[in-house]
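# Descriptive structure summary
So you can see what is in the structure, the chains are spelled out below.
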2 protein chains.
Amino acid sequence: MNTTQFSIGQIAKQAKCKVETVHYYEKSGLMPEPPRTEGGHRIYSLPHVKRLTFIRRCRELGFSIEQIRGLLKFIDEPNHYCGEVKAMAMLHVREVQQKIDDLQRLQSALNDMVIKCKGADYSIDDCPIIDALYVEQQ
Amino acid sequence: MNTTQFSIGQIAKQAKCKVETVHYYEKSGLMPEPPRTEGGHRIYSLPHVKRLTFIRRCRELGFSIEQIRGLLKFIDEPNHYCGEVKAMAMLHVREVQQKIDDLQRLQSALNDMVIKCKGADYSIDDCPIIDALYVEQQ
DNA sequence: ATAGAACCTGTAGTAGCTATAGGTTCAAGG
DNA sequence: CCTTGAACCTATAGCTACTACAGGTTCTAT
């Protein structure tokens, strides 16, 4: 049995976020209020580290705090099942793909811009970069 | 010579943003304070439409307001040249590519999650989706 | 014992809008 | 010409997801 304990600074480091962000997640109800030392410092253990990591990774995946709250319900209320999580994830797969598509379209616009703009010989009035961003798209 | 004039609602529509956003860009100094009617309504012309479209497209490309302020300096101060804009754009190309890479990594994590999670037969304690988000990455 | 790193709470600030309130002006139809 | 209602005006508050700061306390290592 692992009863290793961690300070807020330690779990923040492990989950790669800031101490203030952990406070914020606690205020938002995503992280529980953990036990404290005599002096009032928060004491965390491994499940907390996992939970915080889960939250941070979800944020990276583009889930909003509200969506994460929804996902965490499946953990906190064991009468829910994985199928619902799967449905949420599948929904999210589409959203993420949309973001990728958008960025790729924008990326090639930028690349075009860089290629078209020959360097230091145009005044801004007919700068291809400025023009590139005014051109209508689909 | 084209002297067509537009209301704020019209340029917002053309640039595909909201009226409030145009107000915001004016407050932020990205859009100039245009002439007004007797009654105080803003009067825009084609250069404004182009400028607003440029700003909106820049935002789509992920440029921050500050970065756009920098780009607009090249328009507003004609002693700057396209080469500097090109440098900024090239810098941004790398940033956008990073975003795409991140999203694609996350996308395949999500896809893995959806595939691994068999549906309604796992309690959350060993839900592969939750596990997928706790696994360390590179 | 003491220095200073890390922690505590609470509040304010950030970006980039978006929404609301409460009023004025404009344009089109009768 | 008059009226109605859409569109405009300013100013302020609210939003998300943090981040930073102030002013104080506790923990840890020497």
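Residues numbered from 1 in each chain as written. Chains lettered and ligands numbered in written order. Predicted model: local features only at pLDDT ≥ 70, side-chain atom pairs only at ≥ 80, totals over all residues. Heavy atoms only, no water.

## Some details on the pattern of salt bridges
Pairing between side chains becomes possible if they bear opposite charge and their charged atoms approach one another. All names here are of chain A. What counts here: Throughout this description, the term salt bridge denotes a Lys or Arg side-chain nitrogen within 4 Å of a carboxyl oxygen of Asp or Glu. Helix and strand labels come from DSSP, where a helix needs a run of H or I of at least four residues and a strand needs a run of E of at least two; each type is numbered from the N terminus.
By the definition in use, this model includes 4 salt bridges over all chains. In this structure, Arg42 and Glu26 form a salt bridge, with 2.8 Å as the shortest nitrogen-oxygen distance. Taken together, the positions of Arg42 in the loop between helix 2 (19-27) and strand 2 (44-45) and Glu26 in helix 2 put the pair 16 residues apart, joining distant regions of the chain. In this structure, the salt-bridge partner of Glu66 is Arg69, at a minimum N-O distance of 2.9 Å.

## Let's talk about the packing of helix 1 (residues 8-15) of chain B against helix 3 (residues 46-60) of chain B
Residues and elements named next belong to chain B. Definition in use: All axes are obtained by fitting lines to C-alpha atoms, using only the stretch in contact for helices, and the reported angles, taken between N-to-C directions, cover 0 to 180 degrees. Any angle that is under 35 degrees is reported as roughly parallel, and any over 145 degrees as roughly antiparallel; angles of 65 to 115 degrees are reported as roughly perpendicular and all others as oblique. Here is the rule for handedness: rotate from the far helix to the near one, and if that takes an anticlockwise turn smaller than a right angle the crossing is left-handed, while a clockwise turn gives right-handed. A contact between two residues is defined here by any heavy atoms of the two lying within 4.5 Å. For this classification, Asp, Glu, Lys and Arg are treated as charged, while Ala, Val, Leu, Ile, Met, Phe, Trp, Tyr, Cys and Pro are nonpolar and the rest, including Gly, are polar.
Viewed as axis vectors pointing N to C, helix 1 and helix 3 meet at an angle of 45°, and their least axial separation amounts to 9 Å. On the basis of their axis angle, the class for helix 1 and helix 3 is oblique. The way helix 1 lies across helix 3 gives a crossing that is right-handed. Two secondary-structure elements touch here, helix 1 through Ile11, Ala12, Gln14 and Ala15 and helix 3 through Val49, Leu52, Thr53 and Arg56. Among the residues forming the contact of helix 1 with helix 3, the class breakdown is 5 nonpolar, 2 polar and 1 charged.

## A closer look at the confidence of the model for chain A
Rules: Known as pLDDT, the predictor's confidence for each residue is given on a scale from 0 to 100.
Of all residues in chain A, 77% attain a pLDDT of 70 or more, and the chain-wide mean is 79. Looking at the elements of chain A, mean pLDDT is at its lowest for helix 6 (residues 128-134) of chain A, recorded as 65, and at its highest for strand 1 (residues 5-6) of chain A, recorded as 96.

## Some thoughts on the packing of aromatic side chains
Residues and elements named next belong to chain A. For the record, the criterion: In this scheme Phe, Tyr and Trp rings, the latter by its six-membered ring, pair at centre separations within 6.5 Å, and the angle between planes marks the pair as stacked below 30 degrees, edge-to-face above 60, and tilted otherwise. Residue exposure (1.4 Å probe, protein chains only): buried if accessible area is under 20% of the type maximum, exposed if over 50%, otherwise partly exposed.
One pass over the full model with this rule turns up 2 aromatic pairs over all chains. When the ring of Tyr24 is compared with that of Tyr25, the centres are 6.0 Å apart and the planes differ by 50°; the resulting orientation is tilted. Here Tyr24 falls in the partly exposed class, since its relative accessible area comes to 45%. Look at Tyr25 and you get buried, because its relative accessible area is 7%.

## Considerations on helix 3 (residues 46-60) of chain A
Residue and element names in this part refer to chain A. Rules: How far a helix is expected to stretch is found by multiplying one less than its residue total by 1.5 Å.
In this model, helix 3 (15 residues) spans 21 Å end to end at C-alpha, consistent with the 21 Å of a helix rising 1.5 Å per residue. Among the residues of helix 3, those classed as buried are His48, Val49, Arg51, Leu52, Thr53, Phe54, Ile55, Arg56, Arg57 and Cys58. Phi turns positive, to about 95°, at Gly62, one or two residues after helix 3.

## So, the nonpolar core
The test is simple: Here, the term nonpolar core denotes a set of buried Ala, Val, Leu, Ile, Met, Phe, Trp, Tyr and Cys residues that are joined through side-chain atoms within 4.5 Å.
A:Ile11, A:Val22, A:Leu52, B:Ile11, B:Val22 and B:Leu52 are the most contacted members of the largest nonpolar core, which has 61 residues in total. With 8 residues, the single largest contributor to this core is helix 5 (residues 82-116) of chain A. If near-sequence neighbours (up to four positions away) are discounted, B:Leu52 is found in contact with B:Ile11, B:Ala12, B:Ala15, B:Cys17, B:Val22, B:Tyr25 and B:Met31.

## Observations regarding the protein's contact with DNA strand D
Keep this limit in mind: Any residue with a heavy atom positioned within 4 Å of a molecule or strand is treated as near that molecule or strand. Under the rule applied, a polar contact is a pair of N or O atoms within 3.5 Å (in protein, one hydrogen donor and one hydrogen acceptor; residues adjacent in sequence only if both atoms are side-chain atoms).
Every one of the 20 residues lining DNA strand D counts as a neighbour, but A:Thr37, A:Arg59, B:Ser7, B:Gly9 and B:Arg42 are closest to it. Here, DNA strand D places atoms within 4 Å of the protein, and 83% of those atoms are sugar or phosphate. At 2.5 Å from a phosphate oxygen of DNA strand D is found a side-chain nitrogen or oxygen belonging to A:Arg59. Elements with a contribution of two residues or more to the surface near DNA strand D: helix 2 of chain A together with helix 1 and helix 2 (19-27) of chain B. Residues that form the surface near DNA strand D fall into these classes: 4 nonpolar, 10 polar and 6 charged.

## Topic: the protein's contact with DNA strand C
Of all residues adjacent to DNA strand C, which total 20 residues, the nearest are A:Ser7, A:Gly9, A:Arg42, B:Thr37 and B:Arg59. Across the atoms of DNA strand C situated within 4 Å of the protein, the share located in sugar and phosphate is 83%. Here B:Thr37 contributes a side-chain N or O atom positioned 2.8 Å from a phosphate oxygen of DNA strand C. For the surface near DNA strand C, the secondary structure elements donating two or more residues are helix 1 (8-15) and helix 2 of chain A together with helix 2 of chain B.

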